[in-house]
Amino acid sequence: MNNLLNKIINDTKIYANQGEVATYIPELSKMNKNISGIVVVDMENNIYSAGDTNIKFTIQSMSNIVTLILALMDHGEKVFDKVGKEPSGDPFNSLKRLTNINTHKPFNPMINAGSITITSMVKANNKEERIERIIKLIKDLSGNKDIEINMDVYNSELKTGDKNRSIAYFLKDKNILEGEVCDVLDTYFKQCSIEINCFDLANIGATLANDGISTISGKRIVPSEYATIAKAFMFTCGMYDDSGEFAVEVGIPAKSGVSGGIFCSVPNKMGIGVLGPSLDKKGNSIVGIEMLKILTNEKKLCIFN
Ligand code: GLN
């Protein structure tokens, strides 16, 4: 496996030229678009890796899976009274469907509108407690006790997050988002700014692949039914408005973030974490997708095989 991963890193580096790092959050533009890394963790907790796997980057909308799990643990499927289950087919930060349809319900928990609503549903007495719960679940899912927020990225999001502010105020006006908009957004910007590496992503994916049980500690982290729901949303909505294409070309549950990370959960087989900061037009890692195409093809991982 390590040989295959090294070959994958070398064969896909060239694709970085075809995209750009995210710049709309200025701090993210500092990432080197030519780095790339890949980690695989199987159900026996064997770890395989290649490339720039120790580099830290922010989790961005890969955190949407974590908050979804917390909201499900807090409210059960009542979560879906507020947020739908359908792919939107629009860019992740689009306001188009939100303002067009009668119910104004965000289409799914993976787009920004849905994710911000989900964050508002994570139970806590105050915003400090809410972000602590999110960080705690990321620590438990990844088995990494040293997870922290990158305050430079957080401040950068705070300065430039007006699109997210407009989404949140609109949702508040429609009685979908509850609580103080400022507090909810503060948590949302912080959750997106949590730092992880490819090992953390692969471990999160492995825990979900292992029915919600950590392959590191052997402890149940996520109820089985919510691990299943998380993988379903990863599959249908995890790669933004490219989820259908990814389902056909790669065929595994995956969640992407604008930092260039993608984590995947291959049921009962493995978790995969990849990094490649150069993004395509939809906001997905170009190198990351190419790496996953080769790996899934070589190892016959498509869930419909
Ligand atoms: N923090 C980013 C935003 O709100 C997350 C987006 C993403 O990773 N798709 O725009």
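1. Remarks on empty space enclosed by the protein
- Summed over the entire model, instances satisfying the criterion amount to one cavity of 30 Å³ or more.
- By volume, the largest cavity amounts to about 90 Å³.
- Along its surface, the largest cavity is lined by 13 residues, and Ser88, Ser94, Arg97, Leu98 and Ile111 are the ones closest to its centre.
- Top contributing element to the lining of the largest cavity by residue count: helix 3 (residues 96-100), with three residues.
- A per-class count over the lining of the largest cavity returns seven nonpolar, two polar and four charged.

2. Some remarks on the sheet that holds strand 6 (residues 261-266)
- Judged by pairing direction, the sheet is antiparallel, and its five strands sit side by side in the order 2-1-7-6-5 without closing on themselves. Each edge of the sheet is formed by a strand with only one pairing partner; in this case those strands are strand 2 (47-51) and strand 5 (254-256). For this sheet, the mean inter-axis angle between neighbouring strands, taken without regard to orientation, is 10 degrees.
- In the sheet, strand 5 pairs with strand 6 via three bridges, with the strands oriented antiparallel. Looking at strand 6, one finds that Lys255 is bridged to Phe263.

3. Looking at the packing of helix 2 (residues 63-75) against helix 10 (residues 224-237)
- Across the interface, helix 2 lies against helix 10 with an axial gap of 10 Å and an inter-helix angle of 140 degrees. In terms of orientation, helix 2 lies oblique with respect to helix 10. Crossing geometry of helix 2 relative to helix 10 is assigned as right-handed. Contact with helix 2, carried on its side by Ile65, Leu68, Ile69, Leu72 and Met73, involves Tyr226, Ile229, Ala230, Phe233 and Met234 of helix 10 and no other residues of that element.
- Its residues assigned to classes, the contact of helix 2 with helix 10 comprises ten nonpolar, no polar and no charged.

Calculation notes
Residues numbered from 1 in each chain as written. Predicted model: local features only at pLDDT ≥ 70, side-chain atom pairs only at ≥ 80, totals over all residues. Heavy atoms only, no water. 1 Å grid on protein atoms, 1.4 Å probe; cavity = no way out; pocket = protein on both sides within 12 Å on 5 of 7 lines; lining within 4 Å. Points joined across faces, edges and corners; volume = space filled by probe spheres on them. Helix = DSSP H or I, 4+ residues; strand = E, 2+ residues; numbered from the N terminus. Nonpolar A, V, L, I, M, F, W, Y, C, P; charged D, E, K, R; others polar. Pairing = 2+ DSSP bridges. Axes fitted to C-alpha atoms, helices over the stretch in contact; angles between N-to-C directions. Parallel < 35°, antiparallel > 145°, perpendicular 65-115°, else oblique. Left-handed = near helix turned anticlockwise from the far one by under 90°. Contact = heavy atoms within 4.5 Å.

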